[in-house]
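Fold and contact review
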Amino acid sequence: MKTKYIFVTGGVISGIGKGVCAASIGNLLKSKNYSVFSMKLDPYLNSNPGILSPKEHGEVFVTEDGTETDLDLGYYERFIGTNLTSDSSFTSGKLYKKLFEKELSGTIRGKTMQVIPDYTNEIIEVILNISKKYNPDFAIVEIGGTVGDLESNPFFYALAQLNYQYPKNMFFVHVSYLPYISITKEYKTKPTQHSITNLRSLNINPNLIILRSDKLVEENICSKVASISFIERKNIINVANFETIYYLPLYLEKMNIVEIIENHFNLKLTKSNNKNWENFVSKILNQKKLDDLKTLNILMIGSNDKFEDSYKSIKDALIITSAFANYNIKFTWFDPLENEVKLNDNLISNFDGAIILPTVEIKEEKEFDNVLDLLQQKNIPTFGICNGFFKMALNLINKEKNNIKFTDIISKVANYNEIDFPIRIGIRKIKLAKNSKINKIYSKEEISERHKHKYCILDEKIAQLALNNLVVLGKSQDNKIVEIIENKNNDFYIGVQFRPEYNSKPLDSNPIFIKFIEACINKKTKKQK
């Protein structure tokens, strides 16, 4: 078997950056011209991450083939620069569902199904499928949750079995947390020791340990973990909190993590070429030093405003794009229905741009219309995404045609590729209006973007209204669904049905985000004169 597997597990607590560590390793391997495939295995029983609450799990990330996944896949795509597939995300629920389908189809032939070996064999099958189907040099597989979680045990049993069958193709990275006790002013290794003991009890010995901490710890801490774990000191890497997560690949490169991996697999040491990433990180770090004159104030309008991870990809797309423009960015989160402060002429003028977020509800709301009216009156660059696109469309329509409701213009998507959750999802081609603003933004007549929506606006309904100010800039490939609209009287007032944030990466920003940031800079520059 050509593919080398790197398994990333977590210890002590969740939320310490396993996904970012896995993505950073992938980034470094790719910089050495290795082909990389990433996978996330989540132990929870939900079979469809698309309907998980963003308050618990953050945003739902959508791959090109229409798979709804954990937000960690967004990290993988942004760090590694590749597009993932349905083979990159499995939950316990999805794997059990596969097993039950085998029972119903008669494949099991009536025999008793058990967690071991039947369920663990399903886990092994999806892992080995990476090598069979994609044949990458490296497959990086992150196990969600922490060692010791009851629901994780079948996954670790499967990994131990794989390690037994293919010992020369396996490498285990354990990411653990060092808690700081403020009273005694010291970091404690005992929880990590217990975590490694748990891992060993499952017949898995980590090859490399990443110790997460708020600040860099003293050398004796790392040496202590090395001696207790029977691991070479150089294979213990302490990772503190950095100014930006995007610095982590460069830090791990200094710690020679890829050389450790190459030596483990007896591979020839190769040179990396990560200059573009270094340049990107320097811009992100410089961004944080810029003053108010070089800071864009962006109004983020929508629900779940207290849970910023619900919009992780949108935030990162804006931060990255503004950094390349040599501007900092400041977000103000605002829900027109819940916020006690009401926007007026003076307050709205403080902002250089606004995003109408995808989570806004599709219904008539006077408070929301008031905000949209102010944004248009002040000519503030405004960008609506998915449900934000619907809000903008209805607002523009009602400026010319009275008493039009959402039910008058919005239809359910007729064709979809999900049985349990009927939505138009995944990548779709969009035809752009010739010689239009959007045509100039993309420099193309047709683009491909990812979607996730249950409702749509049909072009025939817009045509029947004979509107003057609302202009359709893009349609679906069959010309039936409206994909992009604008208010022609504003410099930048554009709504899109698709989700451009999923296609925006650090070294390849989506053109529409670039143009939005440019419009915000122009607005700020005019105000400063």
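As a starting point, this report considers the structure included with it. (Residues numbered from 1 in each chain as written. Predicted model: local features only at pLDDT ≥ 70, side-chain atom pairs only at ≥ 80, totals over all residues. Heavy atoms only, no water.)

**A closer look at the overall build of the chain**
When you go through the chain residue by residue, the secondary structure sums to 19 helices and 22 strands. The C-alpha radius of gyration computed for the chain amounts to 25 Å, which stays within 12% of the reference 24 Å derived for 529 residues, consistent with globular compactness. Along the first, second and third principal axes, the C-alpha set of the chain runs to 70 × 60 × 45 Å. Counting the 529 residues in the chain, one finds 55% classified as buried. Working note: accessible area of the chain is about 23500 Å², and carbon and sulfur atoms make up 48% of it. (Helix = DSSP H or I, 4+ residues; strand = E, 2+ residues; numbered from the N terminus. Rg over C-alpha atoms; globule rule 2.2 N^0.38 Å. Buried < 20%, exposed > 50% of the residue type's maximum accessible area, 1.4 Å probe, protein only. Areas by Shrake-Rupley, 256 points an atom, 1.4 Å probe, with all protein chains shown as cover.)

**Notes on the sheet that holds strand β14 (residues 353-356)**
Taken together, the nine strands give an open sheet; going across it, the order is β13-β12-β14-β15-β22-β21-β20-β17-β18, and neighbouring strands pair in mixed fashion. Two strands in the sheet have a free side with no partner beyond their single neighbour: β13 (328-334) and β18 (446-453). Ignoring which end each strand starts from, the neighbouring axes of this sheet average 25° apart. This element, helix α12 (residues 312-324), spans β12 (295-301), β13, β14 and β15 (382-385) of the sheet and lies at about 150° to β13. Here helix α14 (residues 366-377) sits on the sheet and contacts β12, β13, β14, β15, β21 (482-487) and β22 (493-496); the angle it forms with β14, its principal contact strand, is near 145°. (Pairing = 2+ DSSP bridges. Axes fitted to C-alpha atoms, helices over the stretch in contact; angles between N-to-C directions. Contact = heavy atoms within 4.5 Å.)

**A short note on the environment of Val126**
If you trace the backbone, Val126 turns up in helix α5 (residues 115-133). Through-space distance from the C-alpha of Val126 to that of Asp214 is 35 Å; in sequence the pair is 88 residues apart. Among residues more than four places away in sequence, those in contact with Val126 are Met39, Leu41, Phe90, Leu95 and Lys98.

**Things to note about the packing of aromatic side chains**
In the structure shown here, the tally under the stated rule is 28 aromatic pairs. For the pair Phe7 and Phe172, a centre-to-centre distance of 5.4 Å together with 25° between the ring planes defines the contact as stacked. Here Phe7, found in strand β1 (residues 4-10), pairs with Phe172, found in strand β7 (residues 170-177); they are 165 residues apart in sequence, far enough to count as distant. An identical accessibility class is assigned to Phe7 and Phe172; each is buried. Here a set of aromatic residues connected by ring pairs shows up, and it is made of Tyr75, Phe79, Tyr246, Trp277, Phe280 and Phe324. If you follow Lys94 out to its NZ or CZ, it ends over the ring of Phe90, 5.6 Å from the centre. Lys391 extends its terminal NZ or CZ atom over the ring of Phe368, reaching a point 4.7 Å from the ring centre. (Phe/Tyr/Trp six-rings, centres within 6.5 Å; stacked < 30°, edge-to-face > 60°. Lys NZ or Arg CZ within 6 Å of the ring centre and 35° of its normal.)

**Remarks on the nonpolar core**
Note that soluble globular proteins tend to have their nonpolar side chains buried in a common cluster. Counting residues in each nonpolar core, the largest one holds 51 residues, and the members touching the most others are Ile6, Leu29, Val173 and Ile257. Tallying contributions element by element places helix α1 (residues 18-31) first for this core, with seven residues. Beyond its immediate sequence surroundings of up to four residues, Leu29 is in contact with Ile6, Tyr34, Val36, Phe138, Ile140 and Val258. With 35 residues, the next largest nonpolar core counts Trp333, Leu432, Phe513 and Cys520 among its residues. (Core = buried A, V, L, I, M, F, W, Y, C linked by side-chain atoms within 4.5 Å.)

**Notes on the side chain of Thr189**
Positionally, Thr189 belongs in the loop between β9 (186-187) and α7 (190-201). One polar contact links Thr189 to Gln193, side chain to side chain, over a distance of 2.9 Å. Every residue in contact with Thr189, bar those within four places of it in the chain, is listed here: Leu178, Ile221, Lys224 and Val225. (Polar contact = N/O pair within 3.5 Å; in protein donor to acceptor, adjacent residues only side chain to side chain.)

**Some details on α14**
Residues three or four positions apart in an α-helix share a direction because the helix packs 3.6 residues into each turn. The end-to-end C-alpha distance of α14 is 16 Å, a good match for the 16 Å that 12 residues give at a rise of 1.5 Å each. The complete set of buried residues in α14 reads Phe368, Val371, Leu372, Asp373, Leu374, Leu375 and Gln376. Directly after α14, the chain includes Asn379, whose backbone phi takes a positive value near 55°. (Expected span 1.5 Å × (residues − 1).)

**Observations regarding unusual backbone geometry**
Ile116 connects to Pro117 through a cis peptide bond whose omega is 15°. By secondary structure assignment, the location of Pro117 is in helix α5. Even without a glycine there, the phi angle at Lys185 is positive, about 55°. Mapped onto the elements of the fold, Lys185 is located in the loop between β8 (180-181) and β9. Unlike most non-glycine residues, Asn379 shows phi in positive territory, near 55°. Mapped onto the elements of the fold, Asn379 is located in the loop between α14 and β15. With relative accessibility at 24%, the residue Asn379 sits in the partly exposed group.

**A short note on the packing of α5 against helix α6 (residues 153-165)**
The geometry of α5 relative to α6 is characterised by a closest axis approach of 9 Å and an angle of 65° between their N-to-C directions. In terms of orientation, α5 and α6 fall into the roughly perpendicular class. As α5 runs across α6, the sense of the crossing is right-handed. Contacts from Val115, Ile116, Tyr119, Thr120, Asn121, Ile123, Ile124, Ile127 and Leu128 of α5 reach α6 at Pro154, Phe155, Tyr157, Ala158, Leu159, Gln161 and Leu162. Of the residues in the contact of α5 with α6, the class split is 13 nonpolar, three polar and no charged. (Parallel < 35°, antiparallel > 145°, perpendicular 65-115°, else oblique. Left-handed = near helix turned anticlockwise from the far one by under 90°. Nonpolar A, V, L, I, M, F, W, Y, C, P; charged D, E, K, R; others polar.)

**Points about the sheet that holds strand β11 (residues 236-239)**
The seven strands lie next to each other as β5-β2-β6-β1-β7-β10-β11, forming an open sheet whose pairing is parallel. Either end of the sheet is taken by a strand with one partner, and the two such strands are β5 (89-91) and β11. Each strand of the sheet is rotated relative to its neighbour by a mean of 20°, with strand direction disregarded. Of the pairings in the sheet, the one linking strand β2 (residues 36-42) to strand β6 (residues 138-143) comprises six bridges and is parallel in character. What sits directly across from Val36, in β6, is Phe138. Of the strands in this sheet, β1, β7 and β10 (208-212) touch α7, which is tilted by about 150° from β7. Docked against the sheet, helix α10 (residues 257-264) engages β1, β6, β7, β10 and β11, running at close to 145° with respect to β7.

**Details of the packing of helix α4 (residues 92-105) against α5**
The contact between α4 and α5 brings their axes to 10 Å, and the two run at 110°. Accordingly, the angle class assigned to the pair α4 and α5 is roughly perpendicular. As α4 packs across α5, the resulting crossing turns out to be right-handed. Residue-level contacts link Ser92, Leu95, Tyr96, Lys98, Leu99 and Lys102 of α4 to Val115, Asp118, Tyr119, Glu122, Ile123, Glu125 and Val126 of α5. Residue composition of the contact of α4 with α5, grouped by class: seven nonpolar, one polar and five charged.

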